[in-house]
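Each chain is listed here by its residues.
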Amino acid sequence: RFMLFNRSGSRDGIVSFIDPASGKISDKYSIPEDLSAWNIKVYAGSGGRYYVRCSTGIYACEGEKYEYICDFLNSDMSYGRISDLEFIDDDHFLAAYDGGLYMMTAVSGREMSVRAVISVAGIGIPEFLAEKAVEFNRANKDYRVVLTDYSVWNEISADVMKNEIIAGRIPDIVIFGSDPYSEKYREEYIRQGMFTDLSPYLENDENFDKDDLLSGVLRLGETNGTLYELPTWVAFELFSTGDDSVPDGWTLREFIDWGNSHDGSVMNSNYTDRKKLLWYMLTCSMDEFVDEENAVCDFDRGLFRDALTFAKNCRMSASGSALSYRIMDGVDLWRNQKCDEARGNKKRLVGFPSSGGNGVRLNGGQIFTISRKSDVKDAAWRFISMTVTENGRNPVGNLGFTKTQIRSAVDYVSDTSYVKYFAYDGTESSVPPEKYTPDTFDTTKGVVVRLDESDAEEIIKLLDGAGKSVSENSKLWSIISEEAEIYFAGAKDLDETVKVIQSRVSTYISERN
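Presented here is an overview of the structure given in this document.

What counts as what
Residues numbered from 1 in each chain as written. Predicted model: local features only at pLDDT ≥ 70, side-chain atom pairs only at ≥ 80, totals over all residues. Heavy atoms only, no water. Core = buried A, V, L, I, M, F, W, Y, C linked by side-chain atoms within 4.5 Å. Buried < 20%, exposed > 50% of the residue type's maximum accessible area, 1.4 Å probe, protein only. Contact = heavy atoms within 4.5 Å. Helix = DSSP H or I, 4+ residues; strand = E, 2+ residues; numbered from the N terminus. Expected span 1.5 Å × (residues − 1). Pairing = 2+ DSSP bridges. Axes fitted to C-alpha atoms, helices over the stretch in contact; angles between N-to-C directions. Patch = residues over 30% accessible without salt bridge, like charges linked within 9 Å, V, L, I, M, F, W, Y side chains within 5 Å. Areas by Shrake-Rupley, 256 points an atom, 1.4 Å probe, with all protein chains shown as cover. Salt bridge = Lys/Arg side-chain N within 4 Å of Asp/Glu carboxyl O. Lys, Arg positive; Asp, Glu negative; His and termini not counted. Charge placed at Lys NZ, Arg CZ, Asp CG, Glu CD. Parallel < 35°, antiparallel > 145°, perpendicular 65-115°, else oblique. Left-handed = near helix turned anticlockwise from the far one by under 90°. Nonpolar A, V, L, I, M, F, W, Y, C, P; charged D, E, K, R; others polar. Phe/Tyr/Trp six-rings, centres within 6.5 Å; stacked < 30°, edge-to-face > 60°. Lys NZ or Arg CZ within 6 Å of the ring centre and 35° of its normal. Right-handed = clockwise from strand over helix to strand, strands pointing away.

1. Side note on the nonpolar core
Turning to step 1, where the next piece is worked out: Counting residues in each nonpolar core, the largest one holds 53 residues, and the members touching the most others are Ile118, Ile173, Phe236, Trp381, Phe401 and Leu463.
Turning to step 2, where the next piece is worked out: Not counting residues up to four positions away in its chain, the partners in contact with isoleucine 118 are Phe136, Tyr143, Arg144, Val145, Val146, Asp172, Ile173, Val376, Ala379 and Ala380.
Turning to step 3, where the next piece is worked out: If you look at the next biggest cluster of nonpolar residues, it comprises 46 residues, including Met267, Ala307, Trp477 and Ile479.

2. Thoughts on helix H13 (residues 475-488)
Turning to step 1, where the next piece is worked out: The end-to-end C-alpha separation of H13 is 20 Å, in line with the 20 Å expected for 14 residues at 1.5 Å each.
Turning to step 2, where the next piece is worked out: The set of residues buried in H13 consists of Leu476, Trp477, Ile479, Ile480, Ser481, Glu483, Ala484, Tyr487 and Phe488.
Turning to step 3, where the next piece is worked out: In this structure, the buried residues of H13 make contact with helix H7 (274-282), helix H8 (302-313) and helix H14 (494-512).
Turning to step 4, where the next piece is worked out: Looking one or two residues past H13, glycine 490 carries a phi angle of roughly 85 degrees, positive in sign.

3. Observations concerning unusual backbone geometry
Backbone phi values are negative for most residues with the exception of glycine, while trans is the configuration of most peptide bonds.
Turning to step 1, where the next piece is worked out: Its identity is not glycine, yet asparagine 224 carries a phi of approximately 50 degrees, on the positive side.
Turning to step 2, where the next piece is worked out: Considering the arrangement of structural elements, one finds asparagine 224 in the loop between strand E14 (222-223) and strand E15 (226-227).
Turning to step 3, where the next piece is worked out: Here asparagine 224 falls in the partly exposed class, since its relative accessible area comes to 43%.
Turning to step 4, where the next piece is worked out: Despite not being glycine, alanine 295 shows a phi value in the positive range, around 55 degrees.
Turning to step 5, where the next piece is worked out: Turning to its location among the elements, alanine 295 is positioned in the loop between strand E18 (290-291) and strand E19 (296-297).

4. Some details on the sheet that holds strand E10 (residues 100-105)
Turning to step 1, where the next piece is worked out: Taken in spatial order, the 3 strands of this open sheet run E8-E9-E10, and their pairing is antiparallel. The sheet is open, and its two edges are formed by strand E8 (82-89) and E10, each paired on a single side. Averaged over all pairs of adjacent strands, the angle between their axes in this sheet comes to 20 degrees, without regard to strand direction.
Turning to step 2, where the next piece is worked out: Two strands pair when backbone bridges link them, and strand E9 (residues 92-97) and E10 are joined in this way by 6 bridges, in the antiparallel orientation. Residue leucine 94 lies in a different strand from E10, and its bridge partner there is methionine 103.

5. Considering a negative patch on the surface
Turning to step 1, where the next piece is worked out: Negative charge collects at one region of the surface, where Asp411, Asp415, Asp452 and Glu453 lie side by side.
Turning to step 2, where the next piece is worked out: Note on placement: glutamate 453 falls in helix H12 (residues 453-464).

6. Points about the packing of H13 against H14
Turning to step 1, where the next piece is worked out: Packing of H13 against H14 leaves a shortest axis separation of 10 Å and a crossing angle of 165 degrees. By the angle class used here, H13 and H14 are roughly antiparallel. Considering how the two elements wind past one another, H13 and H14 form a crossing that is right-handed. Residues Lys475, Leu476, Ile479, Ile480, Glu482, Glu483 and Tyr487 of H13 pack against Leu494, Thr497, Val500, Ile501, Arg504, Val505 and Tyr508 of H14.
Turning to step 2, where the next piece is worked out: Across the contact of H13 with H14, the residue classes break down as 9 nonpolar, 1 polar and 4 charged.

7. Here's the deal with the sheet that holds strand E5 (residues 49-53)
Turning to step 1, where the next piece is worked out: Taking strand neighbours across the sheet as the criterion, the 4 strands line up as E4-E5-E6-E7 in an open arrangement whose pairing is antiparallel. The strands lining the two open edges of the sheet, one partner per strand, are strand E4 (41-44) and strand E7 (65-71). Taking each pair of neighbouring strands and ignoring which way they run, the sheet shows an average axis angle of 25 degrees.
Turning to step 2, where the next piece is worked out: One ladder, built from 4 bridges, connects E4 with E5; its direction is antiparallel. Within E5, the residue paired with lysine 41 across the bridge is arginine 53.

8. A closer look at the pairing of strand E6 (residues 57-62)
The side chains of a regular strand alternate, first on one face of the sheet and then on the other.
Turning to step 1, where the next piece is worked out: Counting buried residues in E6 gives 5 out of 6 residues, a clear majority hidden from the surface.
Turning to step 2, where the next piece is worked out: Both E5 and E6 contribute to a ladder of 5 bridges, which runs antiparallel. Opposite valine 52, over in E6, you have tyrosine 59 as the bridge partner.
Turning to step 3, where the next piece is worked out: Between E5 and E6, which pair antiparallel one after the other, the connecting turn spans 3 residues.
Turning to step 4, where the next piece is worked out: In this sheet, E7 lies alongside E6 in antiparallel orientation, the contact comprising 6 bridges.

9. As for the packing of aromatic side chains
Turning to step 1, where the next piece is worked out: Using the criterion set out here, one finds 29 aromatic pairs in the structure.
Turning to step 2, where the next piece is worked out: Here tyrosine 280 and tyrosine 325 contribute two aromatic rings whose centre-to-centre distance is 5.5 Å and whose plane-to-plane angle is 15 degrees, an arrangement assigned as stacked. A residue pair is termed long-range when its members are at least 10 positions apart, and tyrosine 280 in helix H7 and tyrosine 325 in strand E21 (residues 323-328) qualify at 45 residues.
Turning to step 3, where the next piece is worked out: Look at tyrosine 280 and you get buried, because its relative accessible area is 2%.
Turning to step 4, where the next piece is worked out: Ring geometry for phenylalanine 289 versus phenylalanine 299: centroids 5.5 Å apart, planes at 15 degrees, classification stacked. Of this pair, phenylalanine 289 sits in the loop between H7 and E18 while phenylalanine 299 is found in the loop between E19 and H8, placing the two residues 10 residues apart along the sequence. Like phenylalanine 299, phenylalanine 289 is buried.
Turning to step 5, where the next piece is worked out: An aromatic cluster is defined as three or more aromatic residues linked by ring pairs; in this entry it consists of Phe239, Trp250, Phe255, Trp258, Trp279, Tyr280, Phe310, Tyr325 and Phe352.
Turning to step 6, where the next piece is worked out: Across the ring face of tyrosine 325, the terminal group of lysine 276 is positioned such that the distance to the ring centre comes to 5.9 Å.

10. Looking at the pairing of strand E12 (residues 143-149)
Turning to step 1, where the next piece is worked out: Inspection of the sheet shows strand E11 (residues 116-122) paired to E12 by 7 bridges, in the parallel sense. Residue pairing across strands places alanine 116 opposite tyrosine 143, the latter belonging to E12.
Turning to step 2, where the next piece is worked out: In this fold, E11 hands off to helix H1 (residues 127-139), which returns the chain to E12; that crossover is right-handed.

11. Focus on the packing of H1 against helix H10 (residues 377-388)
Turning to step 1, where the next piece is worked out: For the pair H1 and H10, the least separation of the axes is 10 Å and the interaxial angle reads 125 degrees. Classified by the interaxial angle, the pair formed by H1 and H10 is oblique. Of the two possible hands of crossing, H1 and H10 adopt the one that is right-handed. Where H1 abuts H10, its residues Phe128, Leu129, Lys132, Ala133, Glu135 and Phe136 lie against Ala379, Arg382, Phe383, Met386 and Thr387.
Turning to step 2, where the next piece is worked out: For the contact of H1 with H10, the residue count by class is 7 nonpolar, 1 polar and 3 charged.

12. Looking at helix H11 (residues 403-416)
Turning to step 1, where the next piece is worked out: Compared with the 20 Å implied by 1.5 Å per residue over 14 residues, the 20 Å span of H11 between its first and last C-alpha is a close match.
Turning to step 2, where the next piece is worked out: Residues of H11 that are buried include every one of Gln405, Ile406, Ala409, Val410, Val413 and Ser414, and no others.
Turning to step 3, where the next piece is worked out: Considering only its buried residues, H11 is in contact with helix H9 (331-342), H10 and H12.

The following block contains the structure:
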């Protein structure tokens, strides 16, 4: 019989078997919902069998019943290096893999070498990390990394991961992202003492030069001075402005004074509401009001009252503003900023109001933690170290936690992006990087945009100078924003709002500590 696979949507598919004698479809099955994914491939087997390959392994299917027969990681295979498969039966298949042709044969667990397991879990495990796990497993006789990607549960992935951790089935390494789930629950897990201090591992790891570490990025992973989280990819957030009256940096008091004296719109109302404006004001200034180490807070003071009043009454319009919000999660966006400047859009990057640091807020895109209860902490750290050192990272222009990684990311974007030329007469042109020479464009009549060492040093300065900040998904901010929203709506006066915030935050930080 012949088999036909139709993808009926972005994630769904139907397998149809065709009777060669009649030329008609004899059987038709929907791919089981649990196997639906963006990157599945389907292969014909003998009789009524068919095989579904996804990013983690292979399922043998008959009708709409299925069985997991091959885990790529446990078979020391990386999904991204598989060109094609040809199935003989459930226990044998040919694999065109990494430039070679291999006969893969099922092996029982008793025939496999016994190695201690390093369990690694997260939502949306990147492909390069799976490749690093394969590399680690092939090189290691004592330990084996096993990955669990909770994203296969689709909409309920966050709940499944949370329930597993709460039930005590916490992996040796938990990887968090910048999604609301990660930001919401990380602080709770840390408060419960689930993770270990990573500082000793980082300090004693010969793969890292201590002078190469970005202290601003590492501060993102600290809670009360202890490094429970290692942020390996970050984004940074700040303001963009073309207004000459905006200083290069400011405290919360200076921001309020500037805003009160500013003649025009401060923020664009199409993109920023009152609550968001207040968050911009407080995210890097919370140390003015909260001393987390000593579990005390003081909101009942003039500065906080002025901040609430300003956010409620600040001039905002839909037609333009002095300040715009910017986020950069890679060097390519930094390059876009340089292109905008070359077009004549002369906008500076300015931090949020800050009580310490430069006002740049960092957001962790990939954060590693190690369970305090793990029995393989040293081996778990070796795997983390291998994935995040210079030779282990995927060079896609991501912003890391070392100066070397930033320079490497800038080099990558520079070497792979077209060199742009912006002439003063308004025309634009570009050439591939390999065809560019210093004589390609007339620099007396325009501006060339190609990233270099100076861009890397600017990014390093921004990341290294970042202080502590408060997440929009944190419990602390949810308390403040809930009460502030009621105040903005006119349902509570200023005194009552400040009193309630003081009481609720005081109770929260006392219980947390």
